[in-house]
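# Results of the structural survey
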Amino acid sequence: MTSIVISEPAAPPDKGLRAGALGLVSSVVIAVSSTAPAYSMAATLGLIVAIVGVHSPGTLVVSFLPMLCIAYAFRELNKADPDCGTTFTWTARAFGPRAGWMGGWGIIAADIIVMASLSQIAGRYVFLLVGADSAAASTVWVTVAGVVFIALLTLVCYRGIEVSARLQQVLLAIEVAALAIFAVVALVKAGTGHALPGAAHPSVGWLNPWTGSFNSLSNSFLLAVFIYWGWDCALSVNEETKDSARTPGRAAVMATVLLVAIFAVISIAALAYAGPAFLATHSTDVLGAMATSVLGSTPGKLLVLCVLTSTAASTQTTIMPTARAVLAMAAHGAIPGWFARMHPRYRTPTTATIVMGIVSAIFFVLLTLTSKNVLADSAASVGLLIAFYYGLTGFACVWFFRRDLLTSGAAFVTKGVLPLIGGLILLGAFILSIKSYWPAASSYSSFGGIGGIFLIGAGSLVVGLILMFITARFLPGYFANGITKPVQVGVPGDAASDADVAGQVEGSISV
């Protein structure tokens, strides 16, 4: 006889993290900081403009919609199971241990790859801030500074979540203030005839992302996805957040709405002041290229500081979710248990954090040696991985709650329609971009006639498959049984959470 046992509302299984350390404000700050608006604009806006020109604001606005859909998927899954493994844990529960393992690998691989572009930007801007322009133009010095930068932020993450959260608030305040000043001054100069030659006059047509080419749309969309990526860091620290079942999800949705406003304003201001040709020509660093022209020599350092602080915030919040994804995989038996070692005082995943820093530094150095444009190749290849694990989370949400979708209109929309739309859009972008990034001409690096972007993005997924089969040989328990711990039923008194019970009992069935 089969009996269904539903556990009472409870905290997530204790992995040793510091529970209740973060509130809603800190969660929103972490979500926005993880996306790093200034760094994202500096590293990616020019690349998008090179593909779709003045339609870039439209691309950024449209790309927000699947992000919002996936944010709802994260929110609903987190209500049911606030586990720091996020995509790994939820996908394993929905589709089985192998799909979950690959979802976790998608997070890890994306974070390691993006550290290359973060480190390069950080290394360059440190020298620009102190006026060492020759060092900023030197690949060797930028690489050295980038490696030191990774080491310092790894230390911050090692020291504890409270230190990380306080630093995030300071960095984000500097970043948003500097971006606001830049946007206002750039728009005023453009409106008074003091813009650069080639500046474009703002038009409603800028909000239309369609340029007549599906390849252009998919490639620019994937870069825009990279710009928005990072808000899910608020979910990865859910076990360290007050009201862990609801606060992280609310923070994620709020962050995506804030981000679309920031990106739309900055992209319009940059196009109105400098024009598409200038931005495409300076695609490796559009904000740095406009800093002195918009704000002047000395005030221009404010924008340099803005991008540097943004990069620091993003680096820190890239290490944090990776370490926690690794912690969750180890805690659930999907990778060796020593990855779950915790610091007794700081309550942080020590081994996972240190390994993340070391591997990121090694990958950064290797990519610097093989690519002519680390920013372009790493940003585009990360877009493939983001589409993979975000899309997988959307589909996992629909399947996880499949028995709950018809219980109410709200459940049907937030647990079914929105996650499915987000997943399908990201799946489409993933497939189209694989096709367009295959040729060597699509990347700044190539091997054997195949583009480096494809090799880095899709190749990392192949590496994940190989590692998964190797791991299954030595850790058969997880791959045979999956995640066996019961899911946590939602928050008492929350009608939406109470309705979730029907779709969540599978994880707590006993025979």
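Presented here is a report on the structure given in the accompanying data block. Computed from a predicted model, the values in this text were never measured in an experiment. (Residues numbered from 1 in each chain as written. Predicted model: local features only at pLDDT ≥ 70, side-chain atom pairs only at ≥ 80, totals over all residues. Heavy atoms only, no water.)

## Here's the deal with the overall build of the chain
The secondary structure content of the chain amounts to 20 helices and four strands. Going through the 511 residues of the chain one by one, you find that 59% of them count as buried. Look at the contacts in the chain between residues 6 or more apart in sequence, and 81% of them connect residues 24 or more apart. Of the accessible surface of the chain, which amounts to about 18600 Å², a share of 70% is contributed by carbon and sulfur atoms. (Helix = DSSP H or I, 4+ residues; strand = E, 2+ residues; numbered from the N terminus. Buried < 20%, exposed > 50% of the residue type's maximum accessible area, 1.4 Å probe, protein only. Contact = heavy atoms within 4.5 Å. Areas by Shrake-Rupley, 256 points an atom, 1.4 Å probe, with all protein chains shown as cover.)

## Topic: a nonpolar patch on the surface
A cluster of nonpolar residues, Ile354, Ile358, Ile362, Val365, Leu366 and Leu369, forms a patch on the protein surface that exposes about 560 Å² of accessible area. Of note, Leu369 is situated in helix H14 (residues 350-370). Judged by relative accessible area, which is 67%, Leu369 ranks as exposed. (Patch = residues over 30% accessible without salt bridge, like charges linked within 9 Å, V, L, I, M, F, W, Y side chains within 5 Å. Salt bridge = Lys/Arg side-chain N within 4 Å of Asp/Glu carboxyl O.)

## Topic: the nonpolar core
Of all hydrophobic cores here, the largest spans 155 residues; its most connected members are Trp101, Trp231, Leu287 and Tyr390. The element best represented in this core is helix H5 (residues 97-129), accounting for 18 residues. (Core = buried A, V, L, I, M, F, W, Y, C linked by side-chain atoms within 4.5 Å.)

## Description of the packing of aromatic side chains
A complete count under the given rule lists eleven aromatic pairs for this structure. Seen from their ring centres, Phe74 and Tyr390 are 5.8 Å apart, and the 75° between their planes marks the pair as edge-to-face. On the criterion of sequence distance, the pair formed by Phe74 in helix H3 (residues 56-80) and Tyr390 in helix H15 (residues 374-400) is long-range, its members being 316 residues apart. According to the relative accessible area criterion, Phe74 is buried, its value standing at 0%. An angle of 25° between the planes, with centres 4.0 Å apart, marks the rings of Trp338 and Phe339 as stacked. On the basis of relative accessible area, Trp338 is assigned to the partly exposed category, the value being 39%. Sitting above the plane of the Phe401 ring, Lys415 keeps its charged end 4.8 Å from the centroid. (Phe/Tyr/Trp six-rings, centres within 6.5 Å; stacked < 30°, edge-to-face > 60°. Lys NZ or Arg CZ within 6 Å of the ring centre and 35° of its normal.)

## Here we look at the pattern of salt bridges
For the structure on display, the rule yields five salt bridges. A salt bridge links Glu76 to Lys79, with the nearest nitrogen and oxygen atoms 3.9 Å apart. You can see Glu76 and its partner Lys79 sitting in helix H3, three residues apart, about one turn around the helix. Exposure remark for Glu76: the relative accessible area of 1% places this residue in the buried category.

## Observations concerning the side chain of Thr351
Mapped onto the fold, Thr351 is located in helix H14. Among the residues examined, Thr351 registers a relative accessible area of 13% and is labelled buried.

## Some words on the environment of Ile319
Position of Ile319 among the secondary structure elements: in helix H13 (residues 300-331). With 34 residues separating them in the primary sequence, Ile319 and Thr353 have C-alpha atoms 6.7 Å apart. Sequence-distant contacts of Ile319, defined by excluding residues within four places in its chain, comprise Met115, Ile150, Leu153, Thr154, Cys157, Thr353 and Met356.

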